[in-house]
Amino acid sequence: MLNRIKGMKRLMQSVYIFHAFFWAFSNLINPITPAMFLELGLPDYMFGVSFAAMAGASFFMAPVWGRLCGKIGCTKVIFIGFVTYAVTQIAFYYSVTQAEIIICRLAGGITCSAVPVATLAGLINLTGAEERSRGMLYYSVLSTAGCAVGYSIGGFFGQHIY
């Protein structure tokens, strides 16, 4: 029983670390997006349109990813989301037209919601009622910290790229 508890703690630590890295990596490009759009000569409203495309797609896909967690498992959904989101981020970086940018942001929204939904579902599945509130606290804190780290690193590198 003690080994099972230790194993579960290690698993949860891995989930938390992965989750923080996901948020850091997923926010690397955000600080340079306005400069990228200016360099491409896009209108000012494109920043809002691209964000709305991503946020809207993420909002509508979250329940789908949640149901998929129940069918194929949280780990597979996390893997699918992480890989496909990375691809959409790379495609977004190389996009040059408004249509390409909007398509990449829609695809990014569809795929990026998979990781937080599956991570939270996995957290709920792996923790008992007593540990759940602490687990959700760590989830929230690491999401915010990961975002901040991603913006910082992206801003630092963006300063040298743009």
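Values in this document were obtained by computation on a predicted structure and should not be read as measured data.

Parameters at a glance
Residues numbered from 1 in each chain as written. Predicted model: local features only at pLDDT ≥ 70, side-chain atom pairs only at ≥ 80, totals over all residues. Heavy atoms only, no water. Helix = DSSP H or I, 4+ residues; strand = E, 2+ residues; numbered from the N terminus. Buried < 20%, exposed > 50% of the residue type's maximum accessible area, 1.4 Å probe, protein only. Contact = heavy atoms within 4.5 Å. Areas by Shrake-Rupley, 256 points an atom, 1.4 Å probe, with all protein chains shown as cover. Lys, Arg positive; Asp, Glu negative; His and termini not counted. Charge placed at Lys NZ, Arg CZ, Asp CG, Glu CD. Phe/Tyr/Trp six-rings, centres within 6.5 Å; stacked < 30°, edge-to-face > 60°. Lys NZ or Arg CZ within 6 Å of the ring centre and 35° of its normal.

## Describing the overall build of the chain
Phase 1 of the analysis: Regarding its fold elements, the chain presents seven helices and zero strands.
Phase 2 of the analysis: Ordering the α and β elements of the chain from the N terminus gives α-α-α-α-α-α-α.
Phase 3 of the analysis: Overall, the chain is about 60 × 35 × 20 Å in size when its C-alpha atoms are taken along their principal axes.
Phase 4 of the analysis: Residue burial in the chain is summarised as follows: out of 162 residues, 35% are buried.
Phase 5 of the analysis: A separation threshold of at least 6 residues defines the contact pool for the chain, and within that pool the share at least 24 residues apart is 80%.
Phase 6 of the analysis: For the chain, the accessible area works out to roughly 9500 Å², and carbon and sulfur atoms hold 71% of it.
Phase 7 of the analysis: Across the chain, 10 positive and 5 negative side-chain charges occur, with their mean positions spaced 20 Å apart.

## A closer look at the packing of aromatic side chains
What characterises a pair of aromatic rings is the spacing of the ring centres plus the angle enclosed by the ring planes.
Phase 1 of the analysis: Considering all chains together, one arrives at 11 aromatic pairs under this definition.
Phase 2 of the analysis: Ring geometry for Phe18 and Phe82: centres 5.2 Å apart, planes at 55°, overall tilted. With a gap of 64 residues between them, Phe18 in helix H1 (residues 2-26) and Phe82 in helix H4 (residues 74-93) connect regions that are remote in the sequence.
Phase 3 of the analysis: Considering the side-chain rings of Phe37 and Phe47, the 6.4 Å spacing of their centres and the 70° angle between planes classify their relative orientation as edge-to-face. Taken together, the residues Phe37 in helix H2 (residues 33-39) and Phe47 in helix H3 (residues 45-72) connect sequence positions 10 residues apart.
Phase 4 of the analysis: The exposure class of Phe37 is buried, given its relative accessible area of 4%.
Phase 5 of the analysis: Overall, Phe47 belongs to the partly exposed group, its relative accessible area being 37%.
Phase 6 of the analysis: Through pairs of rings, three or more aromatic residues link up here, namely Phe18, Phe22, Trp23, Phe82 and Tyr85.
Phase 7 of the analysis: The ring of Phe92 has Arg105 sitting right over it, with the charged end atom 3.8 Å from the ring centre.

Interpretation note: all reported values are geometric properties and have no functional meaning in isolation.
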